[in-house]
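Chain and residue survey
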Amino acid sequence: MGKYELISRYLSEFLSQEVRKTGLHKVVVGLSGGIDSAVVAVLAHRAFGDDLLCIKMPSHYSSQNSLDDAEELCNVFGLRSETRSIEPMLRAYESTDMSPLRIGNLSARLRMVTLFDISAREGALVLGTSNKSELMLGYGTLYGDLASALNPIGDLYKTEVFELARYLGIPETIIDKPPSADLWAGQSDEEEIGYPYAQLDRVLKHYVEERHSVEEMIADGENPQLVDMIVKRIYKNQFKRRMPVIAKLTSRTLNHDFNYPRDITL
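Residues numbered from 1 in each chain as written. Predicted model: local features only at pLDDT ≥ 70, side-chain atom pairs only at ≥ 80, totals over all residues. Heavy atoms only, no water.

Our next topic: the overall build of the protein chain. Along its length, the protein chain carries twelve helices and four strands. Principal-axis analysis of the C-alpha atoms places the extent of the protein chain at approximately 50 × 50 × 50 Å. Per-residue burial over the protein chain gives 45% buried out of 266 residues. Taking as baseline every contact in the protein chain between residues at least 6 positions apart, the subset at least 24 positions apart corresponds to 74%. For the protein chain, the exposed area adds up to about 13900 Å²; of that, 54% sits on carbon and sulfur atoms. Looking at the protein chain, you have 30 positive and 38 negative side-chain charges, and the mean spots of the two groups are 6 Å apart. (Helix = DSSP H or I, 4+ residues; strand = E, 2+ residues; numbered from the N terminus. Buried < 20%, exposed > 50% of the residue type's maximum accessible area, 1.4 Å probe, protein only. Contact = heavy atoms within 4.5 Å. Areas by Shrake-Rupley, 256 points an atom, 1.4 Å probe, with all protein chains shown as cover. Lys, Arg positive; Asp, Glu negative; His and termini not counted. Charge placed at Lys NZ, Arg CZ, Asp CG, Glu CD.)

So this is what it looks like as structure tokens:
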């Protein structure tokens, strides 16, 4: 059994078990036309079939290519989907002095508001689509694309997501296009971060998985500026990867010393 066959089987089973532990049997996922949400949707479809609902949530900043790619994915894999534009909500709040960053963050949060409302309508759980590269670098919007009930690809680096996508048969139009959150016209993940994912993931793996020090990575020939940027972003964005910190006042405080497995039953 090949690596990505094993990973895909494991992740589909992970989704099936974790969702059903809650007493639910349906899931929803936001489908952007990008590779991360495409991979999550296909894995979820293997686990839930028509109990998966994909939600396309374009705005007036969305590219037509993204919409076309999301539609092609649904057609190729027979995914149930519906479209809920966030344009009216975004235009109602948007003002001329908003920066692209603010517009992007607001768009991500409006999409997650929409997803969680639909999840309540459907009696379903919301699946996350952030990969490990994004999570480690803090490249995501708190209470936006970082919010979910379950995330099957959060321990896969972006370059690994590409490899899994090829194994799953994701359309080449999705795999080949430059990664983008599609939050404003012409937005590119790699241009915004400043480095291609191949370089980012190489350093991340050395630092996170292999526990190399900064000095060791630089001695091995890594770009000092790249290493410095990555390490600083990892620690700077730790707050995005944990629940809100609660000030401890009593003998047993949530997330301090009152901790139980999330799937505990009585």
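Bringing the sheet that holds strand 3 (residues 81-83) into the picture now. Each strand in a sheet pairs with another by means of backbone hydrogen bonds, the pair being arranged parallel or else antiparallel. If you walk across this open sheet you meet the four strands as 3-2-1-4, and the pairing is parallel. Looking at strand neighbours, the two that pair on one side only are strand 3 and strand 4 (125-126), the edges of this open sheet. Note: strand 1 (residues 27-30) against strand 2 (residues 52-56), four bridges, orientation parallel. Its bridge partner lying in strand 2, Val27 is registered against Leu52. (Pairing = 2+ DSSP bridges.)

Attention now moves to the pairing of strand 2. For strand 2, a buried count of five out of five residues is recorded, marking the element as mostly surrounded by other parts of the structure. Handedness of the crossover is the feature at issue here: the chain leaves strand 1, passes through helix 2 (residues 35-48), returns alongside strand 2, and the resulting connection is right-handed. Traced from strand 2 through helix 3 (residues 64-77) to strand 3, the parallel crossover comes out right-handed. (Right-handed = clockwise from strand over helix to strand, strands pointing away.)

Turning next to the pattern of salt bridges. By the definition in use, this model includes 15 salt bridges. Here Glu71 and Lys56 are joined by a salt bridge, their closest N and O atoms 2.5 Å apart. In this pair, Glu71 sits in helix 3 while Lys56 sits in strand 2, placing the two residues 15 residues apart along the sequence. The class of Glu71 is partly exposed, set by a relative accessible area of 35%. (Salt bridge = Lys/Arg side-chain N within 4 Å of Asp/Glu carboxyl O.)

Right, let's get into unusual backbone geometry. Although it is not a glycine, Tyr143 adopts a positive phi angle of roughly 65°. Relative to the helices and strands, Tyr143 is located in the loop between helix 6 (132-137) and helix 7 (158-168). Even without a glycine there, the phi angle at Asn255 is positive, about 70°. Note on placement: Asn255 falls in the segment after helix 12 (224-236).

Turning our attention to the pairing of strand 1. Residues of strand 1 alternate between two faces, with Val27 and Val29 on one and Val28 and Gly30 on the opposite face, all of them buried. Bridge count between strand 1 and strand 4: two bridges; the pairing is parallel. Along strand 4, the bridge assignment pairs Val27 with Leu125.

Turning next to the side chain of Ser8. As for its placement among the helices and strands, Ser8 is situated in helix 1 (residues 3-21). A distance of 3.5 Å separates the side chain of Ser8 from the side chain of Arg46, its partner in a polar contact. Residues contacting Ser8, with those up to four places away along its chain left out, are Leu43, Arg46, Leu164, Tyr167 and Leu168. (Polar contact = N/O pair within 3.5 Å; in protein donor to acceptor, adjacent residues only side chain to side chain.)

Here we come to the nonpolar core. The tendency in soluble globular proteins is for nonpolar side chains to be buried side by side. By size, the foremost hydrophobic cluster in this structure holds 38 residues, and its most contacted members are Ile35, Val39, Leu43, Leu73, Leu127, Leu164 and Ile170. Elements represented by at least two residues in this core include exactly helix 1, strand 1, helix 2, strand 2, helix 3, helix 7 and helix 8 (172-176). Top contributing element to this core by residue count: helix 2, with ten residues. Leu43 has contacts with Ser8, Leu11, Ser12, Leu15, Ile153, Leu164 and Leu168, leaving out every residue within four places of it along the chain. With 18 residues, the next largest nonpolar core counts Leu137, Tyr195, Met217 and Val231 among its residues. (Core = buried A, V, L, I, M, F, W, Y, C linked by side-chain atoms within 4.5 Å.)

As far as function goes, none of this settles anything; it's purely spatial.
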